[in-house]
Amino acid sequence: GAGVSQSPSNKVTEKGKDVELRCDPISGHTALYWYRQSLGQGLEFLIYFQGNSAPDKSGLPSDRFSAERTGGSVSTLTIQRTQQEDSAVYLCASSLASRSSGANVLTFGAGSRLTVL
Amino acid sequence: AQTVTQSQPEMSVQEAETVTLSCTYDTSESDYYLFWYKQPPSRQMILVIRQEAYKQQNATENRFSVNFQKAAKSFSLKISDSQLGDAAMYFCALPPNYGGSQGNLIFGKGTKLSVKP
């Protein structure tokens, strides 16, 4: 697609429920990233996929969080047994193949705002 | 560990005037990129400008320019002839140390810029 697409745009859920957030990256972008942005805060790295390599999960805050990327394209971030502190905007970004110098530019989606009641 | 610090949570500028947003960082790398991203109310992060550390010349993109001081690890963003559409959150970012998650960015907490008509 022309840009990074995320759905849903907004999600309200009850504490304890599971949620799935979807990210459709730019066609041809092999790198995909998930970030979390809590109110008034910067972006917190969650997970990173690069091609067929094992994902870097070092940013996932707990084992309630998981993500997968099927066929090297669409990614789903799953949060199990949601807690109120999970309320945040979840941003997805994609880029061309990652370079060690960090030169690659990330293109972001508009995010999914999650509210846990 | 690498850090990115934006010491101005909020800034305000009069339309058509110039404003400078501050960013300091810490990294053990000698060659790296630095980025400024803009996040308008639509939530979608947009790249404003990037600077390669080994280049002496400050990057410029139309009304946006940087003052990059490598020794001081300072990377400020100057917006000239401010426009109402410049109102947004601005985030400074740099990649992790080599060997970290390649392509992942570390973000500051952001500066909220208001533009007064």
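Conventions and cut-offs
Residues numbered from 1 in each chain as written. Chains lettered and ligands numbered in written order. Predicted model: local features only at pLDDT ≥ 70, side-chain atom pairs only at ≥ 80, totals over all residues. Heavy atoms only, no water. Disulfide = S-S within 2.5 Å. Helix = DSSP H or I, 4+ residues; strand = E, 2+ residues; numbered from the N terminus. Buried < 20%, exposed > 50% of the residue type's maximum accessible area, 1.4 Å probe, protein only. Phe/Tyr/Trp six-rings, centres within 6.5 Å; stacked < 30°, edge-to-face > 60°.

What about the state of the cysteines?
Two cysteines, two sulfur atoms, one covalent bond between them: this is a disulfide.
1) Next: Under the criterion given, the structure shown has 2 disulfides over all chains.
2) Next: Disulfide pairing is shown between Cys23 of chain A and Cys92 of chain A; the S-S distance is 1.9 Å. Because the sign of the S-S torsion sets the handedness, a value of about -65° for the bond joining Cys23 of chain A and Cys92 of chain A places this disulfide among the left-handed ones. Of this pair, Cys23 of chain A sits in strand 3 (residues 19-24) while Cys92 of chain A sits in strand 8 (residues 88-95); the two residues are 69 residues apart in sequence, bridging distant segments of the chain.
3) Next: One disulfide bridge connects Cys23 of chain B with Cys92 of chain B, the sulfur atoms lying 2.0 Å from each other. On the sign convention where negative is left-handed, the bridge of Cys23 of chain B and Cys92 of chain B, at about -70° about the S-S bond, is left-handed. Linking Cys23 of chain B in the loop between strand 3 (19-21) and strand 4 (24-26) with Cys92 of chain B in strand 10 (residues 88-94), this pair joins segments that are 69 residues apart in sequence.
4) Next: Accessibility expressed as a relative area gives 1% for Cys23 of chain B, which makes it buried.

Describing the packing of aromatic side chains
The description of two aromatic rings rests on the distance between their centres and on the angle between their planes.
1) Next: On inspection of all chains with the given rule, the structure shows 13 aromatic pairs over all chains.
2) Next: Here the aromatic rings of Phe108 of chain A and Phe107 of chain B are separated by 6.2 Å at their centres, their planes lie at 75°, and the arrangement is edge-to-face. In this pair, Phe108 of chain A is assigned in strand 9 (residues 107-108) and Phe107 of chain B in strand 11 (residues 106-107), connecting two distinct chains. Of the two residues, Phe108 of chain A and Phe107 of chain B, both sit in the buried class.
3) Next: An angle of 70° between the planes, with centres 5.6 Å apart, marks the rings of Tyr25 of chain B and Tyr32 of chain B as edge-to-face.
4) Next: The class for Tyr25 of chain B is buried, based on a relative accessible area of 5%.

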